[in-house]
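Breakdown of the fold
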Amino acid sequence: MNIGLIAHDSKKKLMQNFCIAYRGILCKNDLYATGTTGRLIEEVTNLSIHKYLAGHLGGAQQLGAQIEQNELDLVIFLREPVSPKSHEPDVDSTVRLCDMHNIPLATNLATAELLIKSLDRGDLEWREMYK
């Protein structure tokens, strides 16, 4: 499965810890991330991640294009819900694209854990038929 990973600045450490905790599941999949998030995850996990530009430099749009082409099966976007900075990736467009293309999306740690455990159980195999 193809997994997209995005994290606002204040959630990057949380994303690193999430990827450390679920490295065993994530390593069985193809990972795509915005540039800084991907680099930070690689530094602590040694996972192989296809990195796009930094989110505010177009990486969020690059991941959005993957969503539009139905090339991602799951997106984890750990966002800052209270005060995101203007340069951080746009949550609304990612949510809208995932909704349009029926791609599971987690925007917080609790949902991310539910989706990653579902992926490990095989609950997301329907995505293969959906493609």
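Residues numbered from 1 in each chain as written. Predicted model: local features only at pLDDT ≥ 70, side-chain atom pairs only at ≥ 80, totals over all residues. Heavy atoms only, no water.

When you go through the protein chain residue by residue, the secondary structure sums to seven helices and five strands. Counting helices and strands in the order they occur from the N terminus, the protein chain gives β-α-α-β-α-β-α-β-α-β-α-α. Taken over C-alpha atoms, the radius of gyration comes to 13 Å for the protein chain, in line with the 14 Å a tight globule of 131 residues would show. Seen through its principal axes, the protein chain has C-alpha atoms that stretch 35 × 30 × 25 Å. Residues classed as buried in the protein chain amount to 50% of the 131 residues present. Restricting to contacts in the protein chain with at least 6 residues of sequence separation, those with at least 24 account for 68%. In the form shown here, the protein chain has an accessible surface area of approximately 6,600 Å², with 49% of it arising from carbon and sulfur atoms. Computing the positive centroid from 14 side-chain charges and the negative centroid from 17, the protein chain places the two 5 Å apart. (Helix = DSSP H or I, 4+ residues; strand = E, 2+ residues; numbered from the N terminus. Rg over C-alpha atoms; globule rule 2.2 N^0.38 Å. Buried < 20%, exposed > 50% of the residue type's maximum accessible area, 1.4 Å probe, protein only. Contact = heavy atoms within 4.5 Å. Areas by Shrake-Rupley, 256 points an atom, 1.4 Å probe, with all protein chains shown as cover. Lys, Arg positive; Asp, Glu negative; His and termini not counted. Charge placed at Lys NZ, Arg CZ, Asp CG, Glu CD.)

A few words on the side chain of Thr37. Note on placement: Thr37 falls in helix 3 (residues 35-45). Residue Thr37 is classed as buried on the basis of its relative accessible area, which comes to 2%. Setting aside anything within four residues of it in sequence, one finds Thr37 in contact with Leu5, Ile6, Ala7, Lys12 and Met15.

The next thing to look at is helix 5 (residues 91-100). By the burial criterion, the buried members of helix 5 are Val91, Thr94, Leu97 and Cys98. Take helix 5 and look down its axis: the buried residues cluster within an arc of 135°, on one side only. Residues of helix 5 that are exposed and point over 90 degrees away from its buried face: Asp92, Asp99 and Met100. Looking at the buried positions of helix 5, the neighbouring elements they touch are strand 1 (2-7), helix 4 (59-68), strand 4 (74-78) and strand 5 (105-106). Phi turns positive one or two residues past the end of helix 5, at Asn102, with a value near 55°. (Arc of directions from axis to C-beta.)

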